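Summary of the model geometry
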Amino acid sequence: MDALDRLAEPGLDLLRRVDTLLAAGAPESHRVWPLLRRMQVLPGDAVRTFLDLHPAPLAGAGHAVRRLVRGYDDVSATLADPVLWSGPAAEAYGQARTALLHHLDEGPESLIGRLESTAGYADALADWVEGSRLTLARALADVLRSAEAVAVVAATSMSAGSLGSSGPAGPGVAEAAEIAARVLAVLCVAYDGAETLLREWAPSLAESTWRPSAVGRSRYDAPTRVGW
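Description of the structure in this document. (Residues numbered from 1 in each chain as written. Predicted model: local features only at pLDDT ≥ 70, side-chain atom pairs only at ≥ 80, totals over all residues. Heavy atoms only, no water.)

Before going further, it helps to spend a moment on the overall build of the protein. When its secondary structure is counted, the protein shows 9 helices and 0 strands. Sequence-ordered secondary structure for the protein, helices as α and strands as β, is α-α-α-α-α-α-α-α-α. Looking at the protein as a whole, 41% of its 228 residues are labelled buried. Put simply, 87% of the contacts in the protein that link residues at least 6 apart link residues at least 24 apart. (Helix = DSSP H or I, 4+ residues; strand = E, 2+ residues; numbered from the N terminus. Buried < 20%, exposed > 50% of the residue type's maximum accessible area, 1.4 Å probe, protein only. Contact = heavy atoms within 4.5 Å.)

Attention now moves to helix α7 (residues 147-156). Listed as buried for α7 are A149, V152, A155 and T156. An end-on view of α7 places all buried positions within 130° of arc, on one side of the element. Within α7, the exposed residues directed more than 90 degrees away from the buried face are A147 and V150. (Arc of directions from axis to C-beta.)

With that settled, the discussion passes to the packing of aromatic side chains. Counted by the stated rule, this structure contains 4 aromatic pairs. Residues F50 and Y191 carry aromatic rings whose centres are separated by 5.9 Å and whose planes lie at 80° to one another, so their mutual orientation is edge-to-face. Here F50 is found in helix α3 (residues 43-50), whereas its partner Y191 is found in helix α9 (residues 173-201), with 141 residues between them in sequence. Assessed through its relative accessible area of 28%, Y191 is described here as partly exposed. Seen in terms of ring centroids, W128 and Y191 are 6.4 Å apart; in terms of plane orientation they differ by 50°. Their pairing is tilted. Here the residue W128 occupies a position in helix α6 (residues 111-144), and Y191 occupies one in helix α9, the gap between them amounting to 63 residues. These aromatic residues form a ring-pair network of at least three members: F50, W128 and Y191. (Phe/Tyr/Trp six-rings, centres within 6.5 Å; stacked < 30°, edge-to-face > 60°.)

The structure is reproduced here in structure tokens:
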């Protein structure tokens, strides 16, 4: 359990009240409007969804992918064993073997290169989730201690009828809009970070294309071939 988990119950209770007040609108020209238009969700629902994101499964996925690399290394080592025969068939085999070794483990576009990139991307996402959860927890802690929170709780303690007719200028609405803006701003930055990660890693996550015409010696090639 991290800081965000510990703040989830009081934070969601406050944001439920914020969502209730914002359902009637918000002050005109308030900075919350562009954030609401961009996120297309009220802050309570946004935080509730973010609570389901945890770094551990992503870190675990990175470790699992790296374990696959060892299997590919074993295959590469087997292919690198010197052939004890010669002739046209041996030459054809040597060419096919070199191409396959290039495809398995020659540079970032090889299968092993893509696996390592996938693991790195999973690690980067895990770090993003961990950092974003901490930042959001700090934002929730700040709004829970704020004067705006007191005003929102007081306003939402009224009767349902009073709340329903409060409108965008009613009691607590301006404070609710301010809390919403602070929370949604943090989430916008978080999701910007996720999109940046995807753009940065996308070239390294592309499909590894089979290159049967690869030429040149592989780093696995034996220095000599022994004939019969």
